[in-house]
Amino acid sequence: MTHNQDKIIGTGSIILISLMILSLPVAAYRYINGLGAISNLSDAYPWGFWISFDLFCGVALASGAFVVAAAVEIFGGKTMKPLLRPAILTGFLGYILVGTALMVDLGQYHRIWYLTWSWNLHSPLFEVGWCVMLYLTVLALEFAPVVLEKFKLEVPLKIFKRVSIVFIIAGITLSTMHQSSLGTMLLIIQGKLHPLWHTQILPILFLNTAIAAGIAMVIFESTLTMKIFKRPAETRAQGTLAKGLPWVLGIYFIIRIVDLTIQGRVGMMFDGSRESIWFIIEMLIGTIIPFFYFLNKSVLKSTPAMFIGSLFVLAGLVFNRFIVSWFGILVPETASYSPHIMEIMISAGIVSGGIMAFYLISRFFPVISEEH
Amino acid sequence: MTNHWIDFKNADCILVMGSNPASNHPVAFKWIQKALENGAKLICVDPRFTQTAAKADIYAPLRSGTDIAFLGGMIKYIVDNNLYFEEYVRDYTNASFLVNPGFKMPGDNEGVFSGLTGTKTKEGFVSGTYDKASWSFQMNADGTVKNDPTMQDPNCVLQLLGKHFSRYTPEKVEQITGTPKDKLLEIYKTYGATGKAGKAGTELYAMGWTQHTVGVQNIRSMAIIQLLLGNMGIAGGGVNAMRGESNVQGSTDHGLLFHILPGYLQTPAAALPTLAAYNEKNTPQTKELQSANWWANKPKYMASLLRAFYDQGLPLEDAYALMPKIDDGVNYSWLTIFDKMYKGQFSGFFAWGQNPACSGANANKVRQSLTKLKWMVNVNLFANETGDFWQGPGMKPEEIDTEVFMLPCAASMEKEGSISNSGRWMQWRYKAVDSPGEAMPDGEIISALYHEVRRLYETEGGAYPDPILKLTWNYGKHFDSHAVAKEINGYFLEDREIKGVLYKKGTLVPSFAFLQDDGSTSSGNWLYCNSYTEDGNKAARRGTEDPSGIGLFPDWAWAWPVNRRIIYNRASVDKNGAPWAPNKPVIQWNATKKAWSGDVPDGGWPPLADTEKGMKPFIMKTAGVAHIFGPGLVDGPFPEHYEPLECPIDKNLMSPQMVNPAVKRWETDGVPELDLRASCDPRFPFVCSTYRVSEHWQTGVMTRWTPWLLEMQPEMFVEMSHELAQLKEIQNGERVTVTSARGEVEAVAIVTLRIKPLTIDGGTIHQVGIPWHYGWRYPDPKFKELRSANLLTPNIGDPNTMIPESKAFMVNVVKKEVKR
Amino acid sequence: MKNSSFLIDLTKCTGCRSCQVACKQWNELPAERTVNTGSYQNPLLLSSQTWTLIKFDEFEKQGKMHWLFTKIGCMHCEQPACVSICPVGALQKTESGAVIYNKNVCIGCRYCMIACPFHIPTFEWKKAFPFIKKCTFCFDRLAEGQKPACVCACPTGAITFGTRNDMINKAHGLINKRSNTYNPHLYGEKEVGGTAVMVLAPRDVAFSDLGFPKLSERPLPTWTWNALKFVPSQIVLVSAAMAFFYWLTKRKMKKKDADKEVQHDA
């Protein structure tokens, strides 16, 4: 529990709340006049900024929850415990943000629940949808103890503590399923997605990068949170978590290169095309540089250093998700798309809402630990 | 056409020149496609690479207005290489006839034929009229024409033809037309191959040939080629005009043009005050052996026509006296109408199912002419540029005194009646839906007008009521299409016995062979006599059997004359009645049965070999043979290349005579401020042609108002080559202005590979093309944009038909400065 | 008719666009307000109001001028990508061959638009409750024993309709009989596992010249299924692995606590 005497609404909050408020009339306009009224989406570009950022990036960035949960609860990494509740909160809010974004992006948003009775077992999006619905429930249950603690409901708390492992295992299973299935979603566009990215093992690559992004996001979020709440940084916890990064990134690099080699696409990496340059940038920034960076023991002892390192991983992840869901997809020559300012406003409003919620909940609920 | 749409499938070679069937007769392209599937070759010659060219085996570009040069080269090739069908040419055409030695041809007569009296125009060439006395044949003492069956005599038609077209060498033709020499020879050879017996070549033309000052001679050139190759009267052959309107064939058949009465009878002239004089002047006589000279029956048809108007209560001569007459030497055609209208000589005008403000050449002159009227009646489905001329671009409504009445009329599916297609098929249509609002069928409007005019004459009198008051009008108070159709077929007005059979009064006449010249029969159009008989309405038949195998479908609807599907079909057999093409016979003589099988023969007489009863095939010609030498036209018995009135070069490479000398000029008696022209003028350096698109029709009065069609072709455009676009710095899709001496239009530029600059006499000539479907009235009437192609076209016409030269005139194209 | 197909013979198409109008008329689709962009092609692209159109392509190849007219629209694949990935199963491949869309379950996620290798499904961007629109195979006409509207309207027989086998045989018959006229390849016979709409092109024109994508014969849904089929085992394996590691960790902690206690006791 933070004993923060600062005013609740500071400059940061004003900015965030303004962004939230500004997005409301934009959303209303969408609901009255259709998706075309507030976006530059078209038949040639049916998915754009929202799907790339709010869905593909959003889900990957929320994966800190299951990674830290596994590290702490399954593998006994007690030093990382202080990171667990914030990670779960980040995950929970992250998935709610994804859902909110879908409420704007989906044509028939009121029918999102149709997934429960109109099934297509061959559809990766069906699986993602179900997993996300179930995982949100699991995350809520994993976060319940925070609320119960606040209101000092001892008996339910005890029950939760007893069964929490079931939720945690379910959460990890569900997460591996949908993080990889987001990659499965892009298998169908073989021929349309550039061959430097399309491969049958996309699900594995997606899971891999999601784990790396989750770790990076936890480091990122924890650094900022402690700063804002004027608390000492959780350097030791962060350092322990970050130790896994070179492993995750290294495995990713190897799998990716071997896969491209088997498919005879090594030459493509260096053919000087626009896509080859993207590939090199993505690998450098997202994988190679952070791999070596996080091998350095002194980095693991410095929160600012780890923060910078996490930015690289996050940038690489975001770039990768944007490429596979937008930039790297073949479209008719005459088509073009760049997001309308109103699309950005919607996403900005949603993300601001998430940050505000994180801040307020962290402020008034036992999310950030007191112990050191 | 001489043949019909389905017959195209029988051709071995299809020449498309002067038309674009893939775009403008798309349903007919099915039959062209069938010919191609059977191995036929499609040749397309056009200034542009059109949708037809996209399907063709051979495409050749051509400068608009130089078709005679092109075809003349083909005639020379056929004659020089002996590709002509000798037996056919000798026996079925006038190729062997000896022409008067006094006849002179353009090759050694300053570019004109003998007999021209005229004046030199300011441009330096002769303009006048021909006295055709020298265009005549040498005669025998017995009144028959002298001929040389060996066709070697230097004065015989074939030799004169060869001599005349000897000047049309491939090199000369290439210089004039811009068509590369190798393409010329390839086409001449391919098409010339149809001269063999058993091979058929067909030619498909439309306005691309007719809308020139040498329009009729364009078609004459092809007729000569078809006769040389023996392609007339056979399956897959013919000279086939693809009409530009679904019922324009019907309109010309029923005499809607000023110079003809229904059935192509001459309109009575003022110089012929009696029926006897009329018959004397207009009925041809011949002494030729084995010539049916079918027009000798004209008095029967004229008498029957008069009886369709005025029944037996009026003697024939009195009926003739009531007919309007045309004054001698006066032309009443479209161009003249609007010229006189401008000069204030018309108080009223019925614009009936037409849109002259957009369809008339030199449309500015037409639009100005309309302002001089006291009243106008606009009968149409939709508002158009003509009915609303007074609020068009540049008009000042407060200065215009014309009272305009709009009579909305029914569309074709909202009324019952017939339509006659290009193949001469009269096809009955039924009413599918009621018209909206107050719209009425045209027939109903005419009926109402008649009854009211009659009533006014009866109650108030007038200058000359008799022609109306004495009319026989047996159709009742309301229009009855069946009653009219029957009247057109005709009735026996009294009991008659013919060849042992009694026909009672009131019986429908079986065919025109039964029509009488004494006023005892009526027929509103002798050609259609046989279409609605005691056997019923033949135009409504829908039988799908085709025993012939060549697509005749004799039980589907009805064709004139007497359901003959391919006319001149007696030329499809030899002297003994055996078909030239045994695998595609049109008719065939059965010697034992002494009868013809197949199509209705063009005269049921035995074959030519029967010297007593046999007849030559071209029965509508006085001598029974087809005209290679054609003295009946006003501008020459042979076609000769002349430049269009507005052209890009300053001399005619073929002769010193620049333009067709017989063309009517408007300089002296036209409207100087509107009858403007600019030839070889640096202000207007590009050759322009007009054409159509599949999606729109005529001036777009119906199609611009149809959203699904407007969506596909929304705006006026001008097609030009990349080279021209570069020259004028025009981008594809950019708005430009096209100007001629007479006006300007705004259009979107379509820069295309399908038009290329041509080399004409060593220099580069650019061509552009525009569709004529657009006008300011819809869509976006408030912008009052100039969009009608005819604002640019010249009001100068073919001397025989007065069809305007909309296919070759000079323009300029510039980027549009101001955006809308 | 079961398993029906279209055969579009581009050698016969004259670009008259009767098919474009017939489709609009039968489906009562509104016209779009268009401008001339420097081509006869209009509208330029498929949309929620235009389910088929004729593309106009002009080019010169080996000294010969070509002006090609190509009908585009849903290919009604035999193993449709769109059908396989729609989360609510709004798209179905029917027995008749049609790939049909059920607007009653569609959630408007537009995954089908991303999945289609031919870029076909279009969306109602201006509607508050937008649906996917595309060629319906005139499924409703088939139910009444009628042929699709475009087939009936085409004057030259460029569009014909029959069972898939008949159309394949017909196409190969044409290719063999008039080898000078036809490109020997029948597009859609095998691409992505075959499509119900198959196309013949003129001889010296490549399908890629006309905008048809070069596709392998492998049906696209197999890519997805190769991954999804592992999901059940993934659930079992991950849960089991996590349970196992948890048990291991718990055992280690018990041992540590026991050691601590022993130390404490000692």
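Residues numbered from 1 in each chain as written. Chains lettered and ligands numbered in written order. Predicted model: local features only at pLDDT ≥ 70, side-chain atom pairs only at ≥ 80, totals over all residues. Heavy atoms only, no water.

### Considerations on the overall build of chain C
Move 1: In terms of helices and strands, chain C carries eight helices and nine strands.
Move 2: By the compact-globule yardstick of 18 Å for 266 residues, chain C is too spread out, its C-alpha radius of gyration being 26 Å.
Move 3: Projected onto its principal axes, the C-alpha positions of chain C cover 100 × 45 × 40 Å.
Move 4: Counting only carbon and sulfur atoms, one obtains 56% of the accessible surface of chain C, whose full area is about 12,000 Å².
Move 5: A distance of 0 Å separates the average location of the 34 positive side-chain charges in chain C from that of its 21 negative side-chain charges. (Helix = DSSP H or I, 4+ residues; strand = E, 2+ residues; numbered from the N terminus. Rg over C-alpha atoms; globule rule 2.2 N^0.38 Å. Areas by Shrake-Rupley, 256 points an atom, 1.4 Å probe, with all protein chains shown as cover. Lys, Arg positive; Asp, Glu negative; His and termini not counted. Charge placed at Lys NZ, Arg CZ, Asp CG, Glu CD.)

### Quick look at the overall build of chain B
Move 1: When helices and strands are counted, chain B shows 21 helices and 29 strands.
Move 2: Considered along the principal axes of its C-alpha atoms, chain B spans approximately 80 × 70 × 55 Å.
Move 3: When the 820 residues of chain B are sorted by exposure, 60% land in the buried category.
Move 4: The contacts in chain B between residues at least 6 apart in sequence include a share of 71% that link residues at least 24 apart.
Move 5: Of the roughly 31,300 Å² that chain B leaves accessible, carbon and sulfur atoms contribute 54%.
Move 6: Placing the 84 positive and 90 negative side-chain charges of chain B at their respective mean positions leaves the two points 2 Å apart. (Buried < 20%, exposed > 50% of the residue type's maximum accessible area, 1.4 Å probe, protein only. Contact = heavy atoms within 4.5 Å.)

### Some words on the interface of chain A and chain C
Move 1: On the chain C side, the residues contacting the 60 residues of chain A number 54 residues.
Move 2: It is Asp43(A), Gln108(A) and Ile188(A) in chain A that bury the most area against chain C; as a group they hold 14% of the surface buried on that side.
Move 3: Taken together, chain A and chain C are joined by one salt bridge.
Move 4: Two residues, Asp105(A) and Arg110(C), come together in a salt bridge whose shortest N-O distance is 2.9 Å.
Move 5: One can count 31 residue pairs in polar contact (both at pLDDT 80 or more) joining chain A with chain C.
Move 6: For the side of chain A that touches chain C, the elements supplying multiple residues, two or more each, are helix H1 (11-33), helix H2 (35-38), helix H4 (64-74), helix H6 (124-150) and helix H7 (154-184) of chain A.
Move 7: Counting residues per element, the side of chain A that touches chain C draws most heavily on H7(A), which supplies nine residues. (Buried area = accessible area lost by both parts, 1.4 Å probe. Salt bridge = Lys/Arg side-chain N within 4 Å of Asp/Glu carboxyl O. Polar contact = N/O pair within 3.5 Å; in protein donor to acceptor, adjacent residues only side chain to side chain.)

### Here we look at a positive patch on the surface
Move 1: Taken together, the side chains of Lys78(A), Lys250(C), Lys252(C), Lys254(C), Lys256(C) and Lys260(C) present a region of like positive charge at the surface.
Move 2: For Lys260(C), the position within the fold is in helix H8 (residues 231-265). (Patch = residues over 30% accessible without salt bridge, like charges linked within 9 Å, V, L, I, M, F, W, Y side chains within 5 Å.)

### So, the pairing of strand E5 (residues 126-130) of chain B
Move 1: Here strand E4 (residues 116-120) of chain B pairs with E5(B) via five bridges, running antiparallel. Within E5(B), the position partnered with Gly118(B) by the bridge is Gly128(B). (Pairing = 2+ DSSP bridges.)

### With respect to the interface of chain C and chain B
Move 1: With 39 residues of chain C at the contact, the number on the chain B side is 40 residues.
Move 2: Interface area for chain C against chain B, summed over the two sides, is near 3,200 Å², with a carbon-plus-sulfur share of 55%.
Move 3: Of the charged contacts, one joins Glu711(B) and Lys24(C) as a salt bridge, the two residues approaching to 2.7 Å between their closest N and O atoms.
Move 4: Linking chain C with chain B are 20 residue pairs in polar contact (both at pLDDT 80 or more).
Move 5: Secondary structure elements with two or more residues in the side of chain C that touches chain B: helix H1 (18-26), strand E2 (53-61) and strand E3 (64-72) of chain C.
Move 6: Here the side of chain C that touches chain B is built from residues that sort into 16 nonpolar, 14 polar and nine charged. (Nonpolar A, V, L, I, M, F, W, Y, C, P; charged D, E, K, R; others polar.)

### A word on the environment of Ile446(B)
Move 1: Turning to its location among the elements, Ile446(B) is positioned in helix H17 (residues 442-460).
Move 2: Counting along the chain gives 32 residues from Ile446(B) to His478(B), while the straight-line C-alpha distance between them is 9.6 Å.

### Notes on the pattern of salt bridges
Move 1: Under the counting rule described, the total for this entry stands at 51 salt bridges over all chains.
Move 2: The partner of Glu282(A) in a salt bridge is Arg256(A), and the shortest N-O contact between them spans 3.3 Å. With Glu282(A) in helix H11 (residues 274-293) and Arg256(A) in helix H10 (residues 245-262), this pair connects stretches of sequence that are 26 residues apart. Each member of the pair, Glu282(A) together with Arg256(A), is buried.
Move 3: Put simply, Asp518(B) and Arg496(B) hold a salt bridge, and the shortest N to O gap is 2.2 Å. One end of the pair, Asp518(B), is in the loop between strand E16 (501-503) and strand E17 (532-533); the other, Arg496(B), is in strand E15 (residues 496-498), with 22 residues separating them in the sequence.
Move 4: The network of salt bridges with shared partners includes Arg48(B), Glu719(B), Arg754(B) and Glu58(C).

### A look at the sheet that holds strand E14 (residues 425-429) of chain B
Residue and element names in this part refer to chain B.
Move 1: Read from one edge to the other, the open sheet built from three strands follows the order E13-E14-E19, with strand pairing classed as antiparallel. Pairing within the sheet leaves two strands with one partner each, and these edge strands are strand E13 (417-420) and strand E19 (558-559).
Move 2: Summarising the sheet, E14 and E19 pair through two bridges and their orientation is antiparallel. Its bridge partner being in E19, Trp425 is matched across the sheet by Ala559.

### Notes on the domain arrangement of chain C
Move 1: Per the domain assignment, the segments making up chain C are domain 1 (4-79 + 132-224) and domain 2 (233-265).
Move 2: Relative to domain 2 of chain C, the C-alpha centre of domain 1 of chain C lies at a distance of 64 Å. (Domains from an automatic or database assignment.)

### Some points on the arrangement of the chains
Move 1: The protein chains that touch form two pairs of chains, and the pair with the most contacts between them is chains A and C.
Move 2: What separates chain A from chain B at the closest point of their C-alpha atoms is a distance of 15 Å, and the two make no contact.

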